[in-house]
Amino acid sequence: MYEYFNGKIIDCTDEYVVIDIGGIGYKLEVASSMRTKLRLGEIHMIYAEQIVSENKMGIYGFYNAEEKAMFNILRSVSKIGPKTALGIMGALSISEIVSAVRSDDAKLLSRAPGVGEKSAMRIIIELRDKVKDFDITELPELSSSKADLIDALEGLGYSRYEITKHIAILDLEGLELDEMIKLFLKTIN
């Protein structure tokens, strides 16, 4: 079993990362959000989880230990495999996943690819106790205006990860929705 890979990033897509270690390229399946975290040519440590099933052997990569832990927690849910777990992690941050489970927000979880309303409810029920003590530094408190902003920006084609990453640094206090969208678009471009 692999714990991590430390090497040069050779290729990075929405589905996989290739990391060169001593002249050998390892291909790790990753969540789509990983692409924005890594730069080609940089030396980086990627946490890994190897999963062997009767019809596939895969190595999955994560930016940090918390992402790896969340991946394994998600996989513990019945009928949630590695591909669906990565899809959830690509669509939602760890904070959003934990917050959705803690607040019974099936709508938020069902935004992830491959997760319908029934799957979202199963995730909430099965993970309620597992994420109760999940240690994350900060859970975002989404005001209704920020939730409206996220919905509007997703409608424009931006990913939830990209949106939350940028609005976290913006001062949106007292702004109307159209003003928040304009401010977001200025910072992204």
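No experiment lies behind these values; they were computed from the predicted model shown.

A.B. asks: Describe the nonpolar core, and please don't skip the residues or the numbers.
C.D. replies: Where a protein is soluble and globular, its nonpolar side chains tend to be buried together. Leu 74 and Ile 123 are the most contacted members of the largest nonpolar core, which has 31 residues in total. For this core, the elements supplying multiple residues, two or more each, are strand S5 (57–62), helix H1 (65–75), helix H2 (82–91), helix H3 (94–102), helix H4 (106–109) and helix H5 (117–127). Residue contacts for Leu 74: discarding those within four places in its chain leaves Ile 80, Ala 85, Ile 88, Met 89, Ile 97, Ile 123 and Leu 127. In this structure, Phe 5, Ile 9, Val 17 and Ala 48 belong to the second largest nonpolar core, which totals twelve residues.

A.B. asks: Any chance you could break down H1 for me, citing the residues and the numbers?
C.D. replies: Among the residues making up H1, those that are buried are Glu 67, Lys 68, Met 70, Phe 71, Ile 73 and Leu 74. Next to the buried residues of H1 lie strand S4 (43–52), S5, H2, H3 and H5. The backbone nitrogen of Glu 66 lies 3.2 Å from a side-chain oxygen of the residue at the head of H1, namely Asn 64.

A.B. asks: Give a description of the confidence of the model for the protein that names residues and reports values.
C.D. replies: The share of residues in the protein with pLDDT of 70 or more is 89%, and the mean pLDDT across the chain is 86. Of the regions scoring below 50 in pLDDT, residues 137–141 engages in seven contacts with residues more than four places distant in sequence or in other chains.

A.B. asks: So what's going on with the pairing of strand S1 (residues 4–12)? Residues and values would help.
C.D. replies: Relative to S4, S1 runs antiparallel, the two being bridged by five bridges. Counterpart to Phe 5 in the pairing with S4 is Ile 46. Sheet topology places S1 next to strand S2 (residues 16–21); four bridges connect them, and they run antiparallel. Residue pairing in the sheet places Asp 11 in a bridge with Val 18 of S2. The loop that links S1 with its antiparallel partner S2 comprises three residues.

Parameters and conventions
Residues numbered from 1 in each chain as written. Predicted model: local features only at pLDDT ≥ 70, side-chain atom pairs only at ≥ 80, totals over all residues. Heavy atoms only, no water. Core = buried A, V, L, I, M, F, W, Y, C linked by side-chain atoms within 4.5 Å. Buried < 20%, exposed > 50% of the residue type's maximum accessible area, 1.4 Å probe, protein only. Helix = DSSP H or I, 4+ residues; strand = E, 2+ residues; numbered from the N terminus. Contact = heavy atoms within 4.5 Å. Polar contact = N/O pair within 3.5 Å; in protein donor to acceptor, adjacent residues only side chain to side chain. pLDDT = per-residue confidence, 0-100. Pairing = 2+ DSSP bridges.

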